[in-house]
Amino acid sequence: MKDPKKAKNELSRRKFIKRTALTAGAITIVPRFVLGKGFVAPSDKINLGFIGLGKQTSGLARAFTENTNAQIVAGSDVWSTKNEWFKGHVEKIYADKRKQSGYNGVSTTGDYKALLARPDIDAVIIATPDHWHAIQAIAAMKSGKDVYCEKPMTLTIKEGIDMVSTTKKTGAVLQVGSMQRSWQKFQKAIELVSKGYIGEVSKVLVNVGDPAIPFNMETEPTPKEVDWNTWCGPAPLLPYNNRLSPPTSDGFFPDWRKFNETGGGILTDWGAHMFDIAQWALGMDRSGPVRFEPPTDKNAVRGMKMIYENGIEMIHEDFGRGWGVRFIGSEGNLDISRSYLETDPPTILTAELEASKTILDESRGNHYQNWIDAIKNRSQPICDVEIGHRSASVGNICNIAYQLGRPLDWNPEIEKFIGDKEANKMKKRKYRKF
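Nothing here was measured: the structure is a model prediction, and the numbers come from that model. (Residues numbered from 1 in each chain as written. Predicted model: local features only at pLDDT ≥ 70, side-chain atom pairs only at ≥ 80, totals over all residues. Heavy atoms only, no water.)

### Focus: the packing of helix H7 (residues 157–170) against helix H13 (residues 385–404)
Right, so step 1: Packing of H7 against H13 leaves a shortest axis separation of 9 Å and a crossing angle of 170 degrees. The angle between H7 and H13 falls in the class roughly antiparallel. Contacts from Ile157, Gly160, Ile161, Met163, Val164 and Thr167 of H7 reach H13 at Val385, Glu386, His389, Ser393, Asn396, Ile397 and Ile400.
Right, so step 2: Considering only residue class, the contact of H7 with H13 consists of seven nonpolar, five polar and one charged. (Axes fitted to C-alpha atoms, helices over the stretch in contact; angles between N-to-C directions. Helix = DSSP H or I, 4+ residues; strand = E, 2+ residues; numbered from the N terminus. Parallel < 35°, antiparallel > 145°, perpendicular 65-115°, else oblique. Contact = heavy atoms within 4.5 Å. Nonpolar A, V, L, I, M, F, W, Y, C, P; charged D, E, K, R; others polar.)

Pasting the structure below:
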């Protein structure tokens, strides 16, 4: 006898498919949740929604429209003007490309929960300020969506733990926006370091920006176009300032990244990129340092020493070449950033890589399509949730150690500080009710 529950689900699927196909003007794409987890028709096009439509979204929208076989159908922001801009921006791209037959355009909303409730949206891109990432990503996964989350993935260690747990429970595919992992330049650097071309690594220097500071900006009139209470959301209700969240007309990256109420400083903003590369090369993607030693000068914004269990030291240090990473090995050094890849001696860089050792080029340079492929295949993307969490945790722990001004012993297996109750309390924050 047929299982009544299965029969009911089968009937619901058939009804939905029939209704979707017959609805005049509707997007004729059947969401994955209707057909069952893991089912992807050959012609399937993943429907995407964007949450957070600020400065970063301009490039992301173009990346997903031009470099993937997905399509953007919705957006959400607490700025009404950003919703209007996003709709025009995306629809113009599609109009220029003239490749979306039957495409019905973009709808927008000021409430991201309304976007998540839409059954025709398969996956979401979260590009809000850091203090919103975990809440929105977890809600998205629980609503059956896959997630692309901008870096740093989380503002606190506990948020990362919760996101890893939710991903496992829901089976969602989560990609973190650490796109350097998909660039061949960084992949070659990883190959050279991880496979011993510079010898045994003893030290890694990582130059990124300053730790987070308390909010200290002057109060300005709040624009009528923004729901400021919701923008602050789980963070304290901060005074509005143009530099904290600029209107669409202003072209700069906002300063919410600098403040510990809404970000982790440029330490985590760029650290999510560069600590990530260091962790990858050292084989620590799912672990991390076991000791964090801040400089003795409590006003210092560089000098944090991070020590791995195998004795390798990673130091937050300006080695004079901009944001980047320097690997120091027994046979030579390697410097890597977005603008250079160099080795000392130079012959290391020109050495022919052994074919049997090649483990890279997994995403063929397209970080965005890598996620879309993972959604269709129900596989892990190149920067999954655990990797994003561990890279973010390095920066988050650095901020805690800089703030406390004392060495911290960290157990990456149980994700707790050893013998330090105050530090353990700082693994999470209390969300504001709003």
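### Remarks on the environment of Met217
Right, so step 1: Looking at the element boundaries, Met217 is found in the loop between strand E7 (201–207) and helix H9 (228–232).
Right, so step 2: The residues contacting Met217, other than those within four sequence positions of it, are Asn241, Arg243, Leu244, Asp255 and Phe259.

### Concerning the pattern of salt bridges
Right, so step 1: On inspection of all chains with the given rule, the structure shows 24 salt bridges.
Right, so step 2: Taking the shortest distance from any N to any O, the salt bridge between Asp255 and Lys258 comes out at 3.7 Å.
Right, so step 3: The class for Lys258 is partly exposed, based on a relative accessible area of 38%.
Right, so step 4: Within this structure, Arg321, Arg326, Asp335 and Glu342 form a network of salt bridges that share partners. (Salt bridge = Lys/Arg side-chain N within 4 Å of Asp/Glu carboxyl O. Buried < 20%, exposed > 50% of the residue type's maximum accessible area, 1.4 Å probe, protein only.)

### Quick look at the side chain of Asn207
Right, so step 1: By the element assignment, Asn207 lies in strand E7.
Right, so step 2: Within the local environment of Asn207, its side chain forms a polar contact with the side chain of Asp318, the two groups lying 3.3 Å apart.
Right, so step 3: When residues no more than four places from it in sequence are discounted, the contact partners of Asn207 are Arg302, Glu317, Asp318, Phe319, Gly322, Trp323 and Gly324. (Polar contact = N/O pair within 3.5 Å; in protein donor to acceptor, adjacent residues only side chain to side chain.)

### Digging into the layout of surface pockets
Right, so step 1: Considered as a void within the structure, the second largest pocket measures approximately 560 Å³ in volume.
Right, so step 2: Lining the second largest pocket are 28 residues, and of these Ala212, Ile213, Asn260, Asn399 and Gln403 sit closest to its centre.
Right, so step 3: Elements supplying a minimum of two residues to the lining of the second largest pocket: helix H10 (265–281) and H13.
Right, so step 4: With five residues, H13 is the single largest residue contributor to the lining of the second largest pocket.
Right, so step 5: Broken down by class, the residue content of the lining of the second largest pocket amounts to twelve nonpolar, ten polar and six charged. (1 Å grid on protein atoms, 1.4 Å probe; cavity = no way out; pocket = protein on both sides within 12 Å on 5 of 7 lines; lining within 4 Å. Points joined across faces, edges and corners; volume = space filled by probe spheres on them.)

### So, the side chain of His316
Right, so step 1: Checked against the element boundaries, His316 lands in strand E10 (residues 313–316).
Right, so step 2: Within the local environment of His316, its side chain forms a polar contact with the backbone oxygen of Gly209, the two atoms lying 3.1 Å apart.
Right, so step 3: Excluding its chain neighbours within four sequence positions, the residues that come into contact with His316 are Val206, Val208, Gly209, Leu267, Val301, Arg302, Gly303, Met304, Met306 and Tyr402.

### Structural notes on the confidence of the model for the protein chain
Low-pLDDT portions of the prediction should not be read for the details of their coordinates.
Right, so step 1: In this model, the protein chain carries an average pLDDT of 90, and 87% of its residues clear a pLDDT of 70 or more.
Right, so step 2: With pLDDT under 50 throughout, residues 4–31 is counted as low confidence; its partners more than four residues away or in other chains account for 29 contacts. (pLDDT = per-residue confidence, 0-100.)

### Some words on the environment of Cys398
Right, so step 1: Summarising the element assignment, Cys398 is placed in helix H13.
Right, so step 2: The class of Cys398 is buried, set by a relative accessible area of 0%.
Right, so step 3: Apart from residues no more than four positions distant in its own chain, Cys398 is found in contact with Leu267, Phe275, Phe292, Met304 and Met306.

### Observations concerning the nonpolar core
Right, so step 1: Of all hydrophobic cores here, the largest spans 53 residues; its most connected members are Leu48, Phe50, Phe64, Ile72, Val124, Val147 and Trp371.
Right, so step 2: Counting residues per element, this core draws most heavily on helix H6 (residues 130–142), at six residues.
Right, so step 3: Once you skip the residues sitting within four places of it in the chain, Phe50 turns out to touch Thr57, Leu60, Ala61, Phe64, Ile72, Ala74, Gly75, Ser76, Phe86, Leu115 and Ile125.
Right, so step 4: Val193, Phe275, Val394 and Cys398 belong to the second-largest nonpolar core, a separate cluster that totals 44 residues. (Core = buried A, V, L, I, M, F, W, Y, C linked by side-chain atoms within 4.5 Å.)

### A word on empty space enclosed by the protein
Right, so step 1: Applying the stated rule across the entire model yields three cavities of 30 Å³ or more.
Right, so step 2: The volume enclosed by the largest cavity comes to roughly 50 Å³.
Right, so step 3: What lines the largest cavity is simply Ser287, Gly288, Pro289, Phe292, Arg390, Ser393, Val394, Ile397, Trp410 and Glu415.
Right, so step 4: If you tally residues by element for the lining of the largest cavity, the top one is H13, at four residues.
Right, so step 5: Looking at the lining of the largest cavity residue by residue, the classes come out as five nonpolar, three polar and two charged.

### Description of the sheet that holds strand E15 (residues 416–417)
Right, so step 1: Taken in spatial order, the nine strands line up as E13-E12-E11-E7-E10-E9-E8-E14-E15 in an open sheet, and their pairing is mixed. Because the sheet does not close on itself, it has two edges, and the strands there are strand E13 (341–344) and E15.
Right, so step 2: One ladder, built from four bridges, connects strand E11 (residues 324–329) with strand E12 (residues 333–336); its direction is antiparallel. Each bridged residue has a counterpart across the sheet, and for Val325 the counterpart in E12 is Ile336.
Right, so step 3: With respect to the sheet, H10 is in contact with E7, strand E9 (305–307), E10 and E11, its orientation differing from that of E11 by roughly 30 degrees. (Pairing = 2+ DSSP bridges.)

### Observations regarding the environment of Gln380
Right, so step 1: Tracing the sequence through the fold places Gln380 in the loop between helix H12 (367–377) and H13.
Right, so step 2: As for Gln380 and Gln175, which are separated by 205 residues in sequence, their C-alpha atoms are 8.3 Å apart.

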